[in-house]
Each structure stands twice: as C-alpha cells, then as structure tokens.
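Single-letter residue listing:
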Amino acid sequence: MSYSRFAIYFIPPEGALADFGAAWLGWDVVTGRDVVQPSVHGLRDITMTPMKYGFHGTLKPPFRLAAGRSFAELERAAADLAAAVRPAVSGGLELTTLGGFLALMPGGDVSGVRRVAQACVCDLDTFRAPASAAELDRRRAAGLSARQDALLTQWGYPYVMEEFRFHLTLSGRLPAHDIARWTDVASSHLPDLPKPFVINQIALCGEREDGRFELIHRHALTG
C-alpha cells in the first residue's frame, strides 16, 4: 500500500470507546473498513469531514514525506520516538465543542499530553516535506494570530506547541443552533469515558489513494 501523507495519531485501544468512534464516523481507521453508522437522521452529513481521518486524536498533523526520506526510515523513527517518550495521564475525557464541532477532550492537567504531542511534532519534523504555498495560503485564509502564523511557517501547521489542544473529533463544523441537539445525540451513544485519560501509545497512520487514513503501526510509549 502506498500512502500520500502520514500522521501520528492517538487511536483509542480496542474497547467500547474505539467501537463507538468507528461506528459514529462510519470508518474504522484500525481495520481500514467502512462501519455501519447508527440510524440517526443527518449523522452521515455531519461526519463526512472527519470520517476519512477515522476516530483519533492528532499528535503530529498529516504531512507528505520529505525528499530523500523513506517510509522505512519513518517507521523506525516513530518506533524510536515511542521508546524515548513517557506515557501521559490527564483528567477524564469530556464531550464538548471546539471551534463549532463536537469533540472529546481531556480535562485537568494536560501538560503530559502536550509533551507527547510536542515530541511527535519536533522529533519527526525532518520527515515532513515543506508545506506548499497553496497550503500555507489555505491555512492563513482561516485567520491566524501572529503566533499561529509563525508556527505554521516553522512546523507546517498553526495549532501546535502552546496552540495545541488535543481532541478526538466527532463532527464537522456545526451551525450554532444545531450544537445542542447533536450534543444530546452524541451523549446518548457514548460509552463510559475513561477517567483518567491515558496516552500510552502512538499510531503511525497513512493516507490511502482514496483519501482515507488507516493504521500502519502502533508503538507503545516506554520512555
């Protein structure tokens, strides 16, 4: 399988939360297969955007492989990174909204989560091809602060480092008048959420020719 882009994600381990996420989005990033969604009117519409990425929390945003770097080298580097990074523990996951979309986010002290994400962004950056001018323009069109623009220039994405907010996305951007309804619907389908929330592994994922992401390999954090 050839991949156009790669990313480092947190993908929930096998269990009720992972099953919920795959069914809610209609795509299982672990198996690389479609999943039957719950029979909720409009669910397919609000999940079309996040579906292709699967149920995940981004640690290093999607990137094209830099010239001169190989997939095998990236795999080894991801394994080495995981072996050097300690797991992270935060408060339990909570259903909330972020930028107009539904998401699960950890509460309490999230410094450990930020630490893991920062390591992924920094330590694997030599594998990231520079963002194109069109990609930079598209990001800037959304309206960025001066700091976000600087992060975009340096790391190819504006929401990293101190601008990073870990989340597992459940929808695309929703109209304000629909947020309450979809919050209730999601709440009625959610399993018991983990408390505390632990990130003890990272997942190297790849974007397939059809534009959907799938798991390549999980690596336990053992630093």
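Please refer to the structure higher up on the page.
Residues numbered from 1 in each chain as written. Predicted model: local features only at pLDDT ≥ 70, side-chain atom pairs only at ≥ 80, totals over all residues. Heavy atoms only, no water.

Caption draft 1: Spotlight on the overall build of the chain. Of the regular secondary structure elements, the chain holds seven helices and 11 strands. Here the C-alpha atoms of the chain give a radius of gyration of 17 Å, agreeing with the 17 Å that 2.2 N^0.38 yields for 223 residues. Overall size of the chain, expressed as C-alpha extent along the three principal axes, is 45 × 40 × 35 Å. Residue burial in the chain is summarised as follows: out of 223 residues, 48% are buried. Sequence separation of at least 24 residues holds for 75% of the intrachain contacts in the chain that already meet a minimum separation of 6. For the chain, the computed accessible surface area is about 10700 Å², with 52% contributed by carbon and sulfur atoms. With 23 positive and 24 negative side-chain charges, the chain shows a separation of 3 Å between the mean positions of the two kinds. (Helix = DSSP H or I, 4+ residues; strand = E, 2+ residues; numbered from the N terminus. Rg over C-alpha atoms; globule rule 2.2 N^0.38 Å. Buried < 20%, exposed > 50% of the residue type's maximum accessible area, 1.4 Å probe, protein only. Contact = heavy atoms within 4.5 Å. Areas by Shrake-Rupley, 256 points an atom, 1.4 Å probe, with all protein chains shown as cover. Lys, Arg positive; Asp, Glu negative; His and termini not counted. Charge placed at Lys NZ, Arg CZ, Asp CG, Glu CD.)

Caption draft 2: The side chain of Thr47, seen in detail. With respect to the secondary-structure elements, Thr47 resides in helix α2 (residues 43-51). Ignoring anything within four residues of it in the chain, the contact list for Thr47 reads Trp24, Leu25, Gln37 and Leu170.

Caption draft 3: Structural detail: the nonpolar core. Trp24, Leu59, Val116, Phe166, Trp182, Ile199 and Ile202 are the most contacted members of the largest nonpolar core, which totals 44 residues. It is helix α4 (residues 111-123) that provides the largest number of residues to this core, a total of five residues. Setting aside chain neighbours within four positions, we find Phe166 in contact with Phe10, Gly57, Thr58, Leu59, Leu104, Met105, Pro106, Val113, Phe197 and Ile199. Membership of the second largest hydrophobic core comes to 10 residues, among which are Tyr9, Ile11, Val29 and Phe213. (Core = buried A, V, L, I, M, F, W, Y, C linked by side-chain atoms within 4.5 Å.)

Caption draft 4: Here's a closer look at the pairing of strand β4 (residues 57-63). Among the seven residues in β4, five count as buried, and that is most of the element. The sheet contact formed by strand β1 (residues 5-10) and β4 spans four bridges and is antiparallel. Bridge pairing in β4 places Phe10 opposite Gly57. (Pairing = 2+ DSSP bridges.)

Caption draft 5: Region of interest: helix α6 (residues 146-155). Those residues of α6 not exposed but buried are Gln148, Leu151, Leu152 and Trp155. One side of α6 holds all its buried residues, which, seen down the axis, span an arc of 105°. In α6, the exposed residues that point more than 90 degrees away from the buried face are Ala146 and Thr153. Those residues of α6 hidden inside the fold are in contact with α4 and α5 (133-141). Count one or two residues on from α6 and you reach Gly156, which has phi positive near 80°. (Arc of directions from axis to C-beta.)

Caption draft 6: Structural view of the state of the cysteines. According to the stated counting rule, one finds zero disulfides in the structure shown. A disulfide-free cysteine, Cys120 has its sulfur positioned 9.6 Å from the sulfur of Cys122, the nearest such atom. (Disulfide = S-S within 2.5 Å.)

Caption draft 7: Seen up close, the pattern of salt bridges. For the structure shown, the criterion picks out 10 salt bridges. For the salt bridge of Arg147 with Glu162, the shortest nitrogen-to-oxygen distance reads 2.4 Å. Highlighted residues: Arg147 in helix α6 and Glu162 in the loop between α6 and β8 (168-169), separated in sequence by 15 residues. On the accessibility criterion, Arg147 (37% relative accessible area) is partly exposed. By relative accessible area, which is 45% here, Glu162 ends up partly exposed. For Glu214, the salt bridge goes to Arg208, with nearest N and O atoms at 3.3 Å. Neither residue differs from the other here; Glu214 and Arg208 are each classed as buried. What you see here is one network of salt bridges that share partners, running through Lys60, Asp125 and Arg128. (Salt bridge = Lys/Arg side-chain N within 4 Å of Asp/Glu carboxyl O.)

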